[in-house]
Amino acid sequence: MADYKSTLNLPKTAFSMKANLANREPDFLKEWYAMDLYGKLRKARAGKEKFILHDGPPYANGDIHIGHAVNKVLKDMIVKSKSLEGFDAPYVPGWDCHGLPIELMVEKKIGKAGRKVDAPTFRKACRDYAAKQVDKQRDDFKRLGIFAEWDKPYLTMDFKTEADIIRSMGRIVEAGHLHKGFKPVHWCSDCGSALAEAEVEYEERISPAIDVRFEVLDDEVLLQRSEHVDGAVGEGKISIVIWTTTPWTLPANQAVSVNPGFDYVLVQCTGEHGPERLVVAEVLMKEVMMRSGIEDYRVVATCIGERLEGLKLQHPFYEREVPVVPGDHVTSEAGTGAVHTAPGHGQDDYVVGMRYHLPIDNPVDSNGVFLPNTPLFAGQHVFKANDQVIEVLKAKGALLHEQALQHSYPHCWRHKTPIIFRATPQWFISMDKKNLRSDSLKALKKVQWLPDWGQARIEGMIEKRPDWCVSRQRTWGVPITLFLHKESGELHPATAELVEKVALRVEETGIDAWFEMDAAELLGDDAEQYEKVSDTLDVWFDSGVTHYSVLQQRDELAYPADLYLEGSDQHRGWFQSSLLSSVAMSGAAPYKSVLTHGFTVDAKGRKMSKSLGNVIAPQKIMNSLGADILRLWVAATDYRTEMNVSDEILKRMADAYRRMRNTARFLLANLNGFDPASDKLEFDDMLALDQWAVTRAQQLQEEVRDAYGRYEFHLVYQKIHNFCAVDLGSFYLDIIKDRQYTTQADSVARRSAQTAMYHTVEALARWLAPVLSFTAEDIWKHIPGERSESVFLETLYEFPETSGQQFSQDEWATIIAVRESVSKELEGLRSSGGIGSALDAEVDLYCDDVLLALLSKFDDELRFVLITSYARVYSMCEKPAEAVEVTQKEQPALWAVVKACEHAKCDRCWHHREDVGVNSEHPGLCGRCVDNVDGDGESRQFA
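Residues numbered from 1 in each chain as written. Predicted model: local features only at pLDDT ≥ 70, side-chain atom pairs only at ≥ 80, totals over all residues. Heavy atoms only, no water.

How would you sum up the overall build of the protein chain? Please name residues and give values.
Assigned secondary structure in the protein chain consists of 30 helices and 31 strands. In summary, the protein chain has a C-alpha radius of gyration of 38 Å against a globular reference of 30 Å for 943 residues, an excess of more than 25%. Along the first, second and third principal axes, the C-alpha set of the protein chain runs to 125 × 80 × 45 Å. The buried share of the protein chain, taken over its 943 residues, is 58%. Intrachain contacts of the protein chain at a sequence separation of at least 6 include 78% that bridge at least 24 residues. For the protein chain, the exposed area adds up to about 39000 Å²; of that, 48% sits on carbon and sulfur atoms. In the protein chain, 109 side chains carry a positive charge and 142 a negative one; their mean positions are 4 Å apart. (Helix = DSSP H or I, 4+ residues; strand = E, 2+ residues; numbered from the N terminus. Rg over C-alpha atoms; globule rule 2.2 N^0.38 Å. Buried < 20%, exposed > 50% of the residue type's maximum accessible area, 1.4 Å probe, protein only. Contact = heavy atoms within 4.5 Å. Areas by Shrake-Rupley, 256 points an atom, 1.4 Å probe, with all protein chains shown as cover. Lys, Arg positive; Asp, Glu negative; His and termini not counted. Charge placed at Lys NZ, Arg CZ, Asp CG, Glu CD.)

Kindly report on the pattern of salt bridges, identifying the contributing residues and their values.
Between side chains of opposite charge, a pair can form as their charged atoms come close. Across all of its chains, the model carries 63 salt bridges by this definition. Between Asp690 and Arg739 there is a salt bridge, with its nearest N and O atoms 2.7 Å apart. Residue Asp690 is located in helix H23 (residues 688–709), and its partner Arg739 is located in helix H24 (residues 713–742); the two are separated by 49 residues in the primary sequence. Just as Asp690 is buried, Arg739 falls in that class too. The residue Arg830 makes a salt bridge to Glu827 at a minimum N-O spacing of 2.7 Å. Taken together, the positions of Arg830 and Glu827, both in helix H27 (residues 809–831) and 3 residues apart, correspond to about one turn of that helix. Among the charged side chains, a salt-bridge network with shared partners connects Lys160, Asp164, Arg167, Glu500 and Glu507. (Salt bridge = Lys/Arg side-chain N within 4 Å of Asp/Glu carboxyl O.)

Kindly report on the pairing of strand E25 (residues 591–597), identifying the contributing residues and their values.
Among the 7 residues that make up E25, 6 are buried, leaving the element largely enclosed by the rest of the structure. Bridge analysis of strand E18 (residues 448–450) against E25 gives 3 bridges, and the strand direction is parallel. Each bridged residue has a counterpart across the sheet, and for Leu450 the counterpart in E25 is Leu595. Where strand E24 (residues 561–567) and E25 come together, 6 bridges link them in parallel fashion. In the sheet register, Leu563 faces E25, and the bridge partner there is Ser593. Traced from E24 through helix H18 (residues 574–586) to E25, the parallel crossover comes out right-handed. (Pairing = 2+ DSSP bridges. Right-handed = clockwise from strand over helix to strand, strands pointing away.)

How would you sum up the pairing of strand E14 (residues 321–326)? Please name residues and give values.
In terms of residue burial, E14 counts as a mostly covered element, since 5 of its 6 residues are buried. Two strands pair when backbone bridges link them, and strand E9 (residues 255–258) and E14 are joined in this way by 3 bridges, in the parallel orientation. Paired with Ser257 across the bridge in E14 is Val325. The pairing of strand E13 (residues 312–314) with E14 spans 3 bridges and is antiparallel. Pairing of Lys312 across the sheet is with Pro323, part of E14. The turn linking E13 back onto E14 is made up of 6 residues.

Before we move on, could you go through the environment of Glu497 and cite the residues and values that matter?
Tracing the sequence through the fold places Glu497 in helix H13 (residues 495–509). For the pair formed by Glu497 and Gly170, sequence separation is 327 residues and the distance between their alpha carbons is 9.1 Å.

Give a detailed account of the sheet that holds E18, specifying residues and quantitative values.
Read across the sheet, 4 strands follow the order E1-E24-E25-E18 without closing on themselves; strand pairing throughout is parallel. Two strands lie at the open edges of the sheet, namely strand E1 (53–54) and E18, each paired on one side alone. By the bridge criterion, 2 bridges tie E1 to E24 in an arrangement that is parallel. Counterpart to Leu53 in the pairing with E24 is Leu563. Docked against the sheet, helix H3 (residues 66–84) engages E1, E24 and E25, running at close to 155° with respect to E24. (Axes fitted to C-alpha atoms, helices over the stretch in contact; angles between N-to-C directions.)

Summarise the packing of helix H12 (residues 453–464) against H18; cite the residues concerned and give the values.
Relative to each other, H12 and H18 sit at 60°, their axes nearing to 11 Å. Relative to H18, H12 is oriented oblique. For H12 against H18, the interelement crossing comes out right-handed. Together, Ile458, Met461 and Ile462 of H12 and Phe575, Gln576 and Leu579 of H18 make up the contact between the two elements. For the contact of H12 with H18, the class distribution of residues is 5 nonpolar, 1 polar and no charged. (Parallel < 35°, antiparallel > 145°, perpendicular 65-115°, else oblique. Left-handed = near helix turned anticlockwise from the far one by under 90°. Nonpolar A, V, L, I, M, F, W, Y, C, P; charged D, E, K, R; others polar.)

Quick one: what's the story with unusual backbone geometry, residue by residue and with numbers?
Here Leu450 and Pro451 are connected by a cis peptide whose omega angle stands at -5°. For the bond from Tyr559 to Pro560, the omega torsion is 0°, close enough to zero to count as cis. By the element assignment, Pro560 lies in the loop between helix H17 (546–551) and E24. In this structure, Tyr711 is a non-glycine residue whose phi angle is positive, near 60°. One can find Tyr711 in the loop between H23 and H24. Its identity is not glycine, yet Trp910 carries a phi of approximately 70°, on the positive side.

If you had to explain the environment of Pro260 to someone new, which residues and values would you point to?
Looking at the element boundaries, Pro260 is found in the loop between E9 and strand E10 (263–271). Each C-alpha atom, one on Pro260 and one on Ala725, is 68 Å from the other, the two residues being 465 residues apart in sequence. Setting aside its immediate chain neighbours within four residues, Pro260 contacts Ile304, Gly305, Glu306, Pro326, Gly327 and Asp328.

Explain the side chain of Thr596 to me, using residue names and the numbers behind them.
Along the chain, Thr596 falls in strand E25. Contacts of Thr596, omitting those with residues within four sequence positions, involve Leu450, Pro451, Trp453, Glu566, Gly567, Ser568, His571, Phe575 and Tyr639.

I'd like to hear about the sheet that holds strand E29 (residues 870–875), residue by residue, with values.
What the 4 strands build is an open sheet, ordered E29-E28-E31-E30; its pairing is mixed. For this open sheet the edge positions go to E29 and strand E30 (884–885), each flanked by a neighbour on one side alone. On the sheet, helix H28 (residues 849–856) packs against strand E28 (841–847), E29 and strand E31 (894–900) and is oriented at approximately 150° with respect to E29.

So what's going on with the nonpolar core? Which residues, and what values?
The biggest cluster of nonpolar side chains holds 217 residues, and the ones touching the most others in it are Phe541, Tyr591, Trp633, Tyr732, Trp767 and Leu845. In terms of residue count, the dominant contributor to this core is H24 (12 residues). When sequence neighbours within four positions are dropped, the list of residues in contact with Phe541 reads Ile165, Ser168, Met169, Ile172, Ile429, Trp468 and Val470. Within the second largest apolar cluster, 55 residues are counted, among which are Val279, Val300, Val392 and Leu393. (Core = buried A, V, L, I, M, F, W, Y, C linked by side-chain atoms within 4.5 Å.)

Residues and numbers for the environment of Ala519, please.
Position of Ala519 among the secondary structure elements: in the loop between helix H14 (512–515) and helix H15 (520–523). As a C-alpha pair, Ala519 and Lys532 span 13 residues in sequence and 7.0 Å in three-dimensional space. Ala519 has contacts with Phe483, Gly524, Ala527 and Lys532, leaving out every residue within four places of it along the chain.

Give me a negative patch on the surface: which residues, what numbers.
Judged by side-chain charge, Glu682, Asp684, Asp685 and Glu801 come together as a negatively charged surface patch. Within the secondary structure layout, Glu801 lies in the loop between helix H26 (773–782) and H27. (Patch = residues over 30% accessible without salt bridge, like charges linked within 9 Å, V, L, I, M, F, W, Y side chains within 5 Å.)

Describe helix H10 (residues 382–395), with residues and values.
The terminal C-alpha atoms of H10, which comprises 14 residues, lie 20 Å apart, in line with the 20 Å expected from a rise of 1.5 Å per residue. Taken together, the buried positions of H10 are occupied by Val382, Phe383, Ala385, Asn386, Val389, Ile390, Val392 and Leu393. Phi for Gly397, located one or two positions after H10, is positive at around 70°. (Expected span 1.5 Å × (residues − 1).)

Outline the packing of aromatic side chains, supporting the account with residue identities and numerical values.
To describe a pair of aromatic rings, one takes the distance between the centres and the angle between the planes. A complete count under the given rule lists 35 aromatic pairs for this structure. Judged by centre distance (6.3 Å) and plane angle (15°), the rings of Phe141 and Trp150 are stacked. For the pair Phe141 and Trp150, one class covers both residues: buried. Residues Trp449 and Tyr591 carry aromatic rings whose centres are separated by 5.9 Å and whose planes lie at 80° to one another, so their mutual orientation is edge-to-face. A residue pair is termed long-range when its members are at least 10 positions apart, and Trp449 in strand E18 and Tyr591 in strand E25 qualify at 142 residues. Judged by its relative accessible area of 2%, Tyr591 falls in the buried class. Counting every residue linked through ring pairs, the aromatic cluster contains Trp692, Phe731, Tyr732, Phe807, Trp812, Phe858 and Phe942. A cation over a ring is seen here: Lys72 above Phe141, with NZ or CZ 4.6 Å from the ring centre. Its guanidinium or amino end placed over the ring of Tyr870, Arg913 lies 4.2 Å from that ring's centre, counting from NZ or CZ. (Phe/Tyr/Trp six-rings, centres within 6.5 Å; stacked < 30°, edge-to-face > 60°. Lys NZ or Arg CZ within 6 Å of the ring centre and 35° of its normal.)

Laid out in structure tokens, this is it:
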């Protein structure tokens, strides 16, 4: 048998079948940075419409985790897809560099500031530590293929940024939003500092839940305000019963709150101390009696809550009278309907306390220990004092009931320890003094929230949030650069000018300029009357004002940003701090759109945890599978909910990756010998099937563009993967193999297919670039023809005009359905051993006149579509008895007879044809192969 291999157009490409991403991706990175690709991209897009995604700064401490990777890859895909659309989309990454976590790490190394080391040395150590952390994280982000202004990121510890944070504070002061107050704040005794709302997380905790008697001092006053039950007579002491899960706050009690609209009952009962009368909310009476073990009780009087106002009660263990005050915060969800009120230990309590001029008592020190002058509990830690409080209540006869309760309790996000509410002098941005709350709610309505439930979530948080405590008692932070009058406590009248003078100095030498400054340098003779504020700003203020310190300071950026993108926890964090500060400074939101993503969990939906052993480090993925696999997982997962990740999930992504890579490789390999400058055909000159392929790719590009525009990357992945696997792999590429391999190298039939593949791979490389950045660049380098240095310098592919096709898309859909029906029959015949492959078969089709007219157009070329050696079409009325119905749902009726072909097999194309052996010079070839080898070559019109 003659060897005709040399007469075939076999595929050939340097594009490797094996991706070897983990080893090859670093080479692409070196090349990108050597050529300054990001800089070239900026020049290429100069003058175009801008799209600004503002980076929420990660904290400069520790290695990046999978959540960091998700966040940065999502941002990168957006920026790259916008660039693909032709936007000028610069990306300036940032880092949050001040604050407690860095202080704690430095303390471990050199000790606490002011003790083992002076403050300037400590701050320098913090700055050095943060810089090293930034470098480590930056390397990992770059390894992910993230394009950014890596050489000039924004750092909140840059001198200029620190100065602009101070200027931001100054503008908020000037607008009248900042004030000093003695208010309860979230306090971590381990941190020794107030915490921001976003630094608090809720965990389950077991606390003592107690019901406590507050004895009424004048029974007659209560009885006169009550409606008595006919014939009911009461006896014994009268007490209003409160319920609390924080016994340690009782030393600071200043009142008992009741809901003015609730109905309260006076319950006669017999307890361990004999007959007594207890006041509880009517709806909670049975619950209170049941848990207290009181079976014999009856209502002797009723009273609406508002009539209890002003009633005097005896504190349960101190010689202190406390009033009953109305409070809308009192609910009937649990407890007794009466709430012990300590304005120094709770936000609702504080609000009530301010309204009724109650003392704001805080007997707890910064370390969580009762102050030395606290009767009964001095020197005890508050949580350890719970048991002692309960013992005192028992001794005083004030404890009605106690039990252990598991409930959600606020914890410090850093130390994972329970926190307390503690009133201390702090600086606050008022939510209501200058209408910041209402103005912020109005501003966020003009923002596009993605998903849309984000709007309701942040609205609810802003409606309920207390004033923003922006002061911290730390060493490593941007200072609150204010001067207060020593006697009046008022700000210096020239505060605005002084803030700017301080900012100018900070620009030169950093925040040490303030701490080392003598007040007389700025105030002159007035210095003796004023004191410098020693507090630092909340780090959430640092990052919150980057709309000013970054967006409004960099020429390549713009305010407001087009998009903020972070995890869904940032509704209570960065999204909120940015909104409040921007509205306070400029009256508008800092962003036009806000997009949120969910958290990463394992395959079973469990939170990533070292103890569970389910943590997957992005560094491990990059070093084993490659960054592109991680990027593909991010794109393929619907990030709007929790994102499941595991080794098995990543393995499946690697399989999906191979499908797309192999498709690209097939396209590139079959473009061997194709020069688009001379070989590319006009659309009208292409075969019908190739016209379909180009039109389908063009349609898909619009779908991909739309999905990128809506940030629906999982649809981008699904559509491209489906295109590679189904449209190309299972249909188009499967059909054109014969023509691509067997027709003459420069024939119209082959050049037509190559032209279609060229258009497709040009577009495919661009579609993949935002997601599979390294692979797209690899594809780009192997596409024939002159091209730019990088796919990232390109915009979406411009397809040729595709009007005037020989078949409509609907007709092609029908043809594809027919092919699928026939393929199932062929597979059945193959499985039974009747044939080895589809080319060993021939098929006769029977259909109605409409389908007959369509399929008949293909004539002998229908066999190439069906990949059989013969394919004949007949009218339905000619259907023989052995025909099998193969009609698909919603498709025209179709019957088929599929059988093994009895003709000889061509040595070159493997088709079974009756003319094999007719040519004596090529006895093993069919007629068309003879023509392709020795003649003018076959002609194709359709497939």
